Amino acid sequence: MFRRRESVPFSFVAEADRFRSNVTPPPRRRVGRSQLAARTLVGLTLVAGFAGSLLFGLPALDTERSPSHSQTSEASRHR
């Protein structure tokens, strides 16, 4: 039932360290002005959205200030 494992040569791992490919990757294409402008515009839109959400969201999360309006109705105030 119990089999004896045979040794496996791992010489390919040692060869992988000194292997150098003779195939060069293609040169990267340069980004055009319109694509650069589009990426910049998207980035600025995201930053403005985060800043706006902080600007309008932080006052709503403030717990120290009491609400400026009361929860009672007009009818209950004049009784």
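As the structure is a prediction and not an experimental result, all values here were calculated from the model. (Residues numbered from 1 in each chain as written. Predicted model: local features only at pLDDT ≥ 70, side-chain atom pairs only at ≥ 80, totals over all residues. Heavy atoms only, no water.)

A. Region of the structure containing the overall build of the chain. Scanning the chain from terminus to terminus reveals 3 helices and 0 strands. Listing each helix as α and each strand as β along the chain from the N terminus yields α-α-α. Residues counted as buried form 0% of the 79 residues belonging to the chain. Surface accessibility of the chain: about 9000 Å² in total, with carbon and sulfur atoms responsible for 60%. (Helix = DSSP H or I, 4+ residues; strand = E, 2+ residues; numbered from the N terminus. Buried < 20%, exposed > 50% of the residue type's maximum accessible area, 1.4 Å probe, protein only. Areas by Shrake-Rupley, 256 points an atom, 1.4 Å probe, with all protein chains shown as cover.)

B. Seen up close, a nonpolar patch on the surface. Taken together, Val42, Leu46 and Phe50 make up a surface patch of nonpolar side chains, about 330 Å² in accessible area. Considering the arrangement of structural elements, one finds Phe50 in helix α2 (residues 33-61). Note on Phe50: relative accessible area 58%, which makes it exposed. (Patch = residues over 30% accessible without salt bridge, like charges linked within 9 Å, V, L, I, M, F, W, Y side chains within 5 Å. Salt bridge = Lys/Arg side-chain N within 4 Å of Asp/Glu carboxyl O.)

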